[in-house]
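Here are the chains, one letter per residue:
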Amino acid sequence: MKDLKTCREEIDAIDKEIIALFEKRMHVAKDVITYKLAHDMQIFQKDREKEVIQKNVDRLEDKSLESYAKTFVQDTMNLSKSYQSTFIPLKKYEATEIKENFKVGYQGVPGSFSNQAMKSWFGDIEGINYPHFEDVYQALEKGEIDYGVLPLENSSTGAINDNYDLLTQYGFYIVGEQSITIDQNLLGIKGATLEDIKDVYSHIQGLKQTSEFLNAHHIEGHEYLNTAAAAKYISEAQNKHIGAIASSEAAKLYNLDIIAKAIQNDQSNHTRFIIIARQYEIRPSANRISMVFTVNHEVGALYEVMRVVKEHNINMARIESRPLPLSPWEYYFYLDIDGNLNQDHVQRALQEIKTYTNTFRMIGNYERKES
Ligand SMILES: O=C(O)C(=O)C[C@]1(C(=O)O)C=C[C@@H](O)C=C1
């Protein structure tokens, strides 16, 4: 058996060679980024990485080291990409001009939570209402409206997946986020009591958010297009046995009684609405960045993105994965981080994230408001 001292002397000698070669390799990586910047090329070259790994793994004499060699070569290239990303010049983003005479669309009817979110963000404006989420995207695409207001996440029931998918499908941007407290109420026609109500109508989210109350009172839930439309429906039906789960605003609007107030399972129930536009907008007050990306379907691919976020000391606010259309069991990721595009460390982190992703789209840097 070789003694430890001899082994360590050998390792020291090998490390000396490795570090000299590492330095040489990193200097070539610097030459590569100079070339890439001049030729408008991406740092990440997926096919080249595959080729480099394969070539070097094939060179091994001891095949039991294959997986170690793979990791070693991949980590070396990761360091090379991180280093290259530090040579990309930082940008100064100028604030976008504030639009005047703009039109805003939302899904639902007056009295809906989307209408409430729109008013919280834009002030007391009318807005144009549409029956379905996708109608708002189409209206924005056609230029019928300048902004759309759509729900993205509820604190108790989670993501509203349709809007994640539509945002990606239409290629729009997020220019603001309005979070509102959602109080769900049991509404009935004038004079109706809790004992009278046997069936209620509401949006699926309204039914889910009040499931405990409905179960406790043996009331059956029925899905409706949205909460305010459900309120309108029961007000027209004038039947004391049917109620709606909706806002107090909807009760006022459709002349209904509030039979039970704030019946949601989670008393701190709130929903995040996004304000979307055809172009992104830059504001000094922006404090949240959203991006959408795909990574290789392999071990550690997503971890590298998370690592970059952590190493730049950035708070990750949310991550959501959605199935990639036409690629079964593959996903795209929707990631929210805290920051402003004009912060150097944020720009650096985004540059580096791009070196680990197959596709990458920054979908907005915007302010978040709560009401
Ligand atoms: O060959 C390139 O384009 C490089 O930038 C070099 C390198 C490497 O370090 O080997 C780094 C990043 C690319 O994704 C592929 C390879």
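Not measured: the values here are computed from a predicted model.

## Considerations on the overall build of the chain
In step 1: Along the chain, the regular secondary structure elements total 12 helices and 15 strands.
In step 2: A compact globule built from 371 residues would reach a C-alpha radius of gyration of about 21 Å, whereas the chain, at 27 Å, exceeds it by more than 25%.
In step 3: Expressed along its principal axes, the backbone C-alpha trace of the chain runs to roughly 90 × 55 × 35 Å.
In step 4: Per-residue burial over the chain gives 33% buried out of 371 residues.
In step 5: Counting only contacts in the chain whose residues sit at least 6 apart along the sequence, the fraction spanning at least 24 positions is 74%.

## What to know about the nonpolar core
In step 1: Of all hydrophobic cores here, the largest spans 45 residues; its most connected members are Val-149, Ile-174, Ile-275 and Ile-276.
In step 2: With 5 residues, strand S11 (residues 270-277) is the largest single contributor of residues to this core.
In step 3: Not counting chain neighbours up to four residues away, the residues in contact with Ile-275 comprise Trp-121, Tyr-147, Val-149, Ile-174, Val-175, Gly-176 and Gln-178.

## Brief notes about the domain arrangement of the chain
Where interface size is given, it is often the accessible area lost as the parts come together that is meant.
In step 1: Partitioning the chain into domains gives domain 1 (1-89) and domain 2 (185-260).
In step 2: For domain 1 and domain 2, the distance between their C-alpha centres works out to 64 Å.

## Considering the UniProt feature "domain: Prephenate dehydratase" (unreviewed entry) in the chain
In step 1: The UniProt record annotates "domain: Prephenate dehydratase" (unreviewed entry) at residues 103-278.
In step 2: In this annotation, residues 103-278 is assigned 34% helix and 31% strand; the end-to-end C-alpha distance for the span is 13 Å.

## Let's talk about the environment of Glu-195
In step 1: Examined against the element boundaries, Glu-195 turns out to sit in the loop between strand S6 (185-188) and strand S7 (199-202).
In step 2: C-alpha of Glu-195 to C-alpha of Ile-219: the two residues are 24 residues apart in sequence and 9.7 Å apart in space.

## Considering the site of the ligand
In step 1: In the vicinity of the ligand, the residues found are Ala-29, Val-32, Ile-43, Phe-44, Gln-45, Arg-48, Glu-49, Val-52, Met-77, Ser-80 and Lys-81.
In step 2: Secondary structure elements with two or more residues in the shell around the ligand: helix H1 (4-38), helix H2 (46-58) and helix H3 (66-85).
In step 3: In terms of residue class, the shell around the ligand is made up of 6 nonpolar, 2 polar and 3 charged.

## Regarding the UniProt feature "domain: ACT" (unreviewed entry) in the chain
In step 1: Using the residue numbers shown here, the UniProt feature "domain: ACT" (unreviewed entry) corresponds to residues 290-371.
In step 2: Regarding residues 290-371, the helix share stands at 27% and the strand share at 40%, and the terminal C-alpha atoms are separated by 21 Å.

## Topic: the packing of H2 against H3
In step 1: Where H2 meets H3, the axes come as close as 9 Å, and the angle between the chain directions of the two elements is 140°. Considering the angle they form, H2 stands oblique to H3. When you trace H2 past H3, the crossing you get is right-handed. On H3, the residues that touch Glu-49, Val-52, Ile-53, Asn-56 and Val-57 of H2 are Glu-66, Ala-69, Lys-70, Val-73, Gln-74 and Met-77.
In step 2: Its residues assigned to classes, the contact of H2 with H3 comprises 6 nonpolar, 2 polar and 3 charged.

## A look at the environment of Tyr-130
In step 1: Its location among the elements puts Tyr-130 in strand S2 (residues 128-130).
In step 2: Residue classification places Tyr-130 among the buried positions, given that 21 C-beta atoms sit within 10 Å.
In step 3: Along the chain, Tyr-130 and Met-1 lie 129 residues apart, while their C-alpha atoms are 79 Å from each other.
In step 4: Residues in contact with Tyr-130, not counting those within four places in the same chain, are Gly-105, Gln-107, Asp-135, Val-136 and Ala-139.

Rules used throughout
Residues numbered from 1 in each chain as written. Predicted model: local features only at pLDDT ≥ 70, side-chain atom pairs only at ≥ 80, totals over all residues. Helix = DSSP H or I, 4+ residues; strand = E, 2+ residues; numbered from the N terminus. Rg over C-alpha atoms; globule rule 2.2 N^0.38 Å. Buried ≥ 20, exposed ≤ 12 C-beta atoms within 10 Å, placed from the backbone. Contact = placed C-beta atoms within 7 Å. Core = buried A, V, L, I, M, F, W, Y, C linked by C-beta atoms within 7 Å. Domains from an automatic or database assignment. UniProt positions renumbered as here; feature names shortened; annotations may be inferred. Near = placed C-beta within 6 Å. Nonpolar A, V, L, I, M, F, W, Y, C, P; charged D, E, K, R; others polar. Axes fitted to C-alpha atoms, helices over the stretch in contact; angles between N-to-C directions. Parallel < 35°, antiparallel > 145°, perpendicular 65-115°, else oblique. Left-handed = near helix turned anticlockwise from the far one by under 90°.

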